[in-house]
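# Tertiary structure, described
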Amino acid sequence: LEYEPKRPDGAPLTLSKGEIGVFTSREPYVVRSQDPEHPIAVYSYMTGCSWQQALLSDGDPEVVGVIPAEQYLDRYVFFADPTYPNSQIVVVRSREEGKEFAPVTLDCAGTLDGWTPVGTSGKYEAARVRLVQQTVPQKVGAGTCGAGRHEITSRGPFGVTVWGTGSAASYGYPGGSAIRKLNSVETVIR
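I will try to describe carefully the structure that is included in this document. (Residues numbered from 1 in each chain as written. Predicted model: local features only at pLDDT ≥ 70, side-chain atom pairs only at ≥ 80, totals over all residues. Heavy atoms only, no water.)

Let us now look at the state of the cysteines. Two cysteines, two sulfur atoms, one covalent bond between them: this is a disulfide. Under the defined criterion, the tally for this structure stands at 1 disulfide. Note on cysteine connectivity: C108 is disulfide-linked to C145, with sulfurs 2.0 Å apart. The S-S bond linking C108 to C145 shows a torsion near 95°; that makes this disulfide right-handed. With C108 in the loop between β7 (104–106) and β8 (110–111) and C145 in strand β12 (residues 143–145), this pair connects stretches of sequence that are 37 residues apart. Judged by relative accessible area, C108 falls into the buried class, the value being 14%. (Disulfide = S-S within 2.5 Å. Helix = DSSP H or I, 4+ residues; strand = E, 2+ residues; numbered from the N terminus. Buried < 20%, exposed > 50% of the residue type's maximum accessible area, 1.4 Å probe, protein only.)

Next up, the structure:
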């Protein structure tokens, strides 16, 4: 496995078929296998508020699938749950070869800013947008965002993950993904 900008502490360098690697990272990173014929699945795990090293005083354990950049879309409709006091999105945009990053527009905020590089290739950038904090809708860009239905669009590919937390409670999900064949590997179920 290759990591950008560096391998997180405890992250595996190799995985055999069916093997799982578990590690903790507070920094964003890019991971890839040697080629499409050696696919990996990546999941994000929120530890919850009871974990001694937790950064937050709220939340509950949950698992969210990380969408491969090859399955990013250019439009998502998502819902921020109004029963949670805190909701945010994490947006990762991908730069197509030879092109600039395309602007990403959130219905309640306008064009997003505050992008930070992910990895060292210059191919990915991420932005975190807080929609609601302690039940208060948040000022974002040219508007105010809150809970409920939202639409986010771009001329380029990007992914969005929606997160919400409360007292010992949380939710998280990818905003969607394309269904594209990424390799010719066939899964055998026994």
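The next thing to look at is the pairing of strand β10 (residues 124–133). By the criterion of burial, β10 is predominantly enclosed, with 7 of the 10 residues buried. Relative to β10, strand β9 (residues 116–118) runs antiparallel, the two sharing 3 bridges. Following the sheet pairing, T116 is matched in β10 by A126. Here β9 folds back onto β10, and the loop between the two strands holds 5 residues, one of which, G119, carries a positive phi near 80°. Linking two consecutive strands that pair antiparallel, namely β10 and strand β11 (residues 136–140), is a turn of 2 residues; a positive phi of about 50° is found at Q134 within it. (Pairing = 2+ DSSP bridges.)

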